[in-house]
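Geometric and topological summary
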Amino acid sequence: MIVKEWPSHEGWGIWDEEQNRWMTNPAGDRAWWNSKEAAEEELRVIEKAKFKVGQIVQRLNEVWTIQTISGLDGQIRYYLVGSYGPLMAKENELQEISVRGKR
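Here goes a summary of the coordinates provided.

The rules behind these values
- Residues numbered from 1 in each chain as written.
- Predicted model: local features only at pLDDT ≥ 70, side-chain atom pairs only at ≥ 80, totals over all residues.
- Heavy atoms only, no water.
- Core = buried A, V, L, I, M, F, W, Y, C linked by side-chain atoms within 4.5 Å.
- Buried < 20%, exposed > 50% of the residue type's maximum accessible area, 1.4 Å probe, protein only.
- Helix = DSSP H or I, 4+ residues; strand = E, 2+ residues; numbered from the N terminus.
- 1 Å grid on protein atoms, 1.4 Å probe; cavity = no way out; pocket = protein on both sides within 12 Å on 5 of 7 lines; lining within 4 Å.
- Points joined across faces, edges and corners; volume = space filled by probe spheres on them.
- Nonpolar A, V, L, I, M, F, W, Y, C, P; charged D, E, K, R; others polar.
- Pairing = 2+ DSSP bridges.
- Contact = heavy atoms within 4.5 Å.
- Axes fitted to C-alpha atoms, helices over the stretch in contact; angles between N-to-C directions.

**Focus on the nonpolar core**
Core analysis: the largest hydrophobic core is formed by 21 residues, its most contacted members being Ile14, Val57, Ile66, Ile69, Tyr78, Leu80 and Leu94. Listing elements by their share of this core, those giving two or more residues are strand E2 (12–16), helix H1 (36–47), strand E5 (62–70) and strand E6 (77–82). Counting residues per element, this core draws most heavily on H1, at four residues.

In structure tokens, the structure reads:
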């Protein structure tokens, strides 16, 4: 992931090169910051995350997909979607699960 300036907006975003898309906020909109430094700080926190966007995880015996990750205030928060709707979780509340033999 890299920090990029938006050509059509006075702001900065995080571009996910693997998924070929902008990082989104929990509402599904592009996440943006007023300064390059703020976006870079968010990226530093997110890069330390144990889990990644799109990964399937378990929380309280339910299966969830990570929609987006936030590094707000230096704390990693995962925004999940699943059969019970959206949910926010901290890293210590999630377990990695194996899907179809993949990890």
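On we go.
**Quick word on the layout of surface pockets**
Here the idea is plain: a probe the size of a water molecule rolls over the atoms and shows the empty space left. Estimates place the volume of the largest pocket at around 230 Å³. Forming the walls of the largest pocket are Met1, Asp16, Glu17, Glu18, Gln19, Lys52, Val53 and Ile69. Tallied by class, the residues present in the lining of the largest pocket amount to three nonpolar, one polar and four charged.

**Quick word on the sheet that holds strand E1 (residues 2–5)**
Read from one edge to the other, the open sheet built from three strands follows the order E1-E2-E3, with strand pairing classed as antiparallel. Looking at strand neighbours, the two that pair on one side only are E1 and strand E3 (21–22), the edges of this open sheet. Bridge count between E1 and E2: four bridges; the pairing is antiparallel. Residue Val3 lies in a different strand from E2, and its bridge partner there is Ile14. The sheet strands contacting H1 are E1 and E2, and the helix crosses E2 at an angle near 35 degrees.

**Quick look at the pairing of E2**
The buried count for E2 comes to five of five residues, which makes it a mostly enclosed element. In E2, alternate side chains face the same way, and those of Trp12, Ile14 and Asp16 on one face and Gly13 and Trp15 on the other are all buried. The turn linking E1 back onto E2 is made up of six residues. Where E2 hands over to E3, the hairpin turn is made up of four residues, of which Asn20 adopts a positive phi near 55 degrees.

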